[in-house]
Amino acid sequence: MEPMSEEPLIPHPSVGDLSVGEPTTGGSSLRMVAFDIDGVVLRGDTLLPAAPPALADVLGRGLLLRYVTNNSTRHRVEVAERLAGLGLPAEPGMVLTSAAATASYLRSEFGEGASVLVVGGDGLVAELRDAGLEPRHARSTPQASVLAQHSGAPQHSGAPQQSGAPQHSGAPAAVVVGLDVGFDYATLAVAQAAIRAGARFIATNADATFPVEGGVLPGGGALVAAIAVASQREPLVIGKPQLGLARALVNEAGGEAAAVLFVGDRLDTDIGMAVAAGMRSALVLTGVSTRADLAVADAASPDFVLETLAELSGVLDGLLADTRLR
Ligand SMILES: [Mg+2]
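In this text, all values refer to a predicted model and were calculated from it rather than measured experimentally.

**Things to note about the overall build of the protein chain**
Of the regular secondary structure elements, the protein chain holds 11 helices and 15 strands. Counting over 326 residues, the protein chain shows a buried share of 52%. Long-range pairs, those at least 24 residues apart, make up 70% of the contacts in the protein chain between residues at least 6 apart in sequence. For the protein chain, the accessible area works out to roughly 13,500 Å², and carbon and sulfur atoms hold 55% of it.

So this is what it looks like as structure tokens:
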């Protein structure tokens, strides 16, 4: 199969359903508060102290509560269990992840049983399987073993030995890339070969960094960039700031973007998506973006800037009073 020509970054196909760039102060009343997780509710595995009362306050006001993450390493059930285990109000139906959105996109694009090569975590593999696809991890393919031999990279044990050129039997319809803590040269080579042979290149997200206790680690976007350079193709990105996750939230909130307040720690992804979707937005300074980042010329402008989630209740007071007056 002839390799595809350079593929431009194209928006998620669901974008057309949303009004883009509408003012966020329209007359619709607030119905939902959606929170990014890393840097907003948690930092690494540590619960941020202002989160539990803020989340309880949202539910106490009768508003819908949702958790939205670009992190594709965990299944929604796992995310909900992790949050509930920390004492937060959470069940799987309240969680949206880029992994689930990617699985649903691939199912609609390629149909049941489509073969998907995965560079990512077990949660991503599980979401793809739940959606009726046939995922296999790039690391577990025979090609990975062969390519590891060619590259001199250490081999993963247990893979069958083969000789000669990389095999392309059962060519995958897509290569799906998210954060993969076991990422190595052989994985990169297998993903490169599949994309160059014609598989669609899909990224669950393009986050460069990932906030943890005391600093940041490389995000899924760092691996996506390596694969983009090696394959000389650009990915289709599914997570924030693309609008697929926003569309799902707006639908659940009754179809009006301004009925959703999105709370995030990143200007480029969280606030970028919220503004483009026409949602209300609040940047909380407990994660990646800082007050200095707000001054950058092309930075997205949130409606509110909060030092911590402790300031959310004042924002909700204002928004709810505002819509009562209309
Ligand atoms: Mg975050």
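Moving on from the model shown.
**What to know about the coordination of the magnesium ion**
Looking at the metal site, the magnesium ion is ligated by D36 (OD), D38 (O) and D265 (OD), spaced 2.0 to 2.2 Å from it. Within one chain, the residues serving as donors to the magnesium ion are arranged as D-x1-D-x226-D. Residue classification places D38 among the buried positions, given a relative accessible area of 9%.

**Structural notes on helix α4 (residues 122-130)**
Considered for burial, the residues of α4 that qualify are G123, L124, V125, E127 and L128. Buried-residue contacts for α4 involve α2 (76-85), β5 (95-97), α3 (98-110), β6 (115-119), β7 (134-137) and β8 (174-177). Directly after α4, the chain includes G132, whose backbone phi takes a positive value near 90°.

**Things to note about the packing of helix α6 (residues 185-196) against helix α7 (residues 220-231)**
At a minimum axis separation of 9 Å, α6 and α7 run at an interaxial angle of 55°. Classified by the angle their axes make, α6 and α7 are oblique. Crossing handedness for the pair α6 and α7: right-handed. Facing L188, A191, Q192, I195 and R196 of α6, the residues of α7 in contact are A226, I227, A230 and S231. Taken together, the residues of the contact of α6 with α7 break down into 6 nonpolar, 2 polar and 1 charged.

**As for the sheet that holds strand β1 (residues 32-36)**
In space, the 6 strands of this open sheet follow the order β5-β4-β1-β13-β14-β15, with parallel pairing throughout. Two strands in the sheet have a free side with no partner beyond their single neighbour: β5 and β15 (304-306). Averaged over all adjacent pairs, the angle separating strand axes in this sheet is 20°, with direction ignored. In this sheet, β5 lies alongside strand β4 (residues 64-69) in parallel orientation, the contact comprising 3 bridges. From the neighbouring strand, Y67 faces β5, where its bridge partner is V95.

**Some points on α6**
Compared with the 16 Å implied by 1.5 Å per residue over 12 residues, the 16 Å span of α6 between its first and last C-alpha is a close match. Within α6, the full set of buried residues consists of A186, T187, L188, A189, V190, A191, A194 and I195.

**Some thoughts on the packing of α3 against α4**
The relative placement of two packed helices is expressed as an angle between their axes plus a distance between the axes. As a packed pair, α3 and α4 sit with axes 9 Å apart at the nearest point and diverge in direction by 35°. α3 and α4 meet at a crossing whose hand is right-handed. Where α3 approaches α4, its residues A99, A100, A103 and L106 are matched on the opposing element by L124, E127 and L128.

**Some thoughts on the sheet that holds β7**
Strand order in the open sheet formed by 5 strands is β7-β6-β8-β9-β12, with parallel pairing between adjacent strands. Each edge of the open sheet carries a strand with a single partner, namely β7 and β12 (236-237). Bridge count between β6 and β8: 4 bridges; the pairing is parallel. Residue V118 lies in a different strand from β8, and its bridge partner there is V176. In this fold α6 packs onto β6, β8 and β9 (200-203), with an angle of close to 145° to the strand it touches most, β6. Sheet strands touched by α7: β6, β8 and β9. Its angle to β9, the strand with the most contacts, is close to 160°.

**Re unusual backbone geometry**
A cis amide bond links K240 with the next residue in sequence, P241, at an omega value of 10°. Located in the positive-phi region is Q232, a residue other than glycine, with phi close to 55°. Within the secondary structure, Q232 sits in the loop between α7 and β12.

**Re the nonpolar core**
Counting residues in each nonpolar core, the largest one holds 35 residues, and the members touching the most others are L106, L128, I202, L249, F262 and M279. Secondary structure elements with two or more residues in this core: β1, α3, β6, α4, β8, α8 (244-252), β13 (260-264) and α9 (267-277). No other element matches the 5 residues that α3 contributes to this core. In terms of domain composition, this core takes at least three residues from each of domain 1 (19-70 + 241-325) and domain 2 (107-237). Once you skip the residues sitting within four places of it in the chain, F262 turns out to touch A34, D36, V68, K240, L249, D270, M273, A274, M279, R280, S281 and A282. If you look at the next biggest cluster of nonpolar residues, it comprises 33 residues, including V33, I37, V40 and L320.

Reading the values: rules and limits
Residues numbered from 1 in each chain as written. Predicted model: local features only at pLDDT ≥ 70, side-chain atom pairs only at ≥ 80, totals over all residues. Heavy atoms only, no water. Helix = DSSP H or I, 4+ residues; strand = E, 2+ residues; numbered from the N terminus. Buried < 20%, exposed > 50% of the residue type's maximum accessible area, 1.4 Å probe, protein only. Contact = heavy atoms within 4.5 Å. Areas by Shrake-Rupley, 256 points an atom, 1.4 Å probe, with all protein chains shown as cover. Donors = N, O, S within 2.8 Å, 3.2 Å for Na, K, Ca; no water. Axes fitted to C-alpha atoms, helices over the stretch in contact; angles between N-to-C directions. Parallel < 35°, antiparallel > 145°, perpendicular 65-115°, else oblique. Left-handed = near helix turned anticlockwise from the far one by under 90°. Nonpolar A, V, L, I, M, F, W, Y, C, P; charged D, E, K, R; others polar. Pairing = 2+ DSSP bridges. Expected span 1.5 Å × (residues − 1). Core = buried A, V, L, I, M, F, W, Y, C linked by side-chain atoms within 4.5 Å. Domains from an automatic or database assignment.

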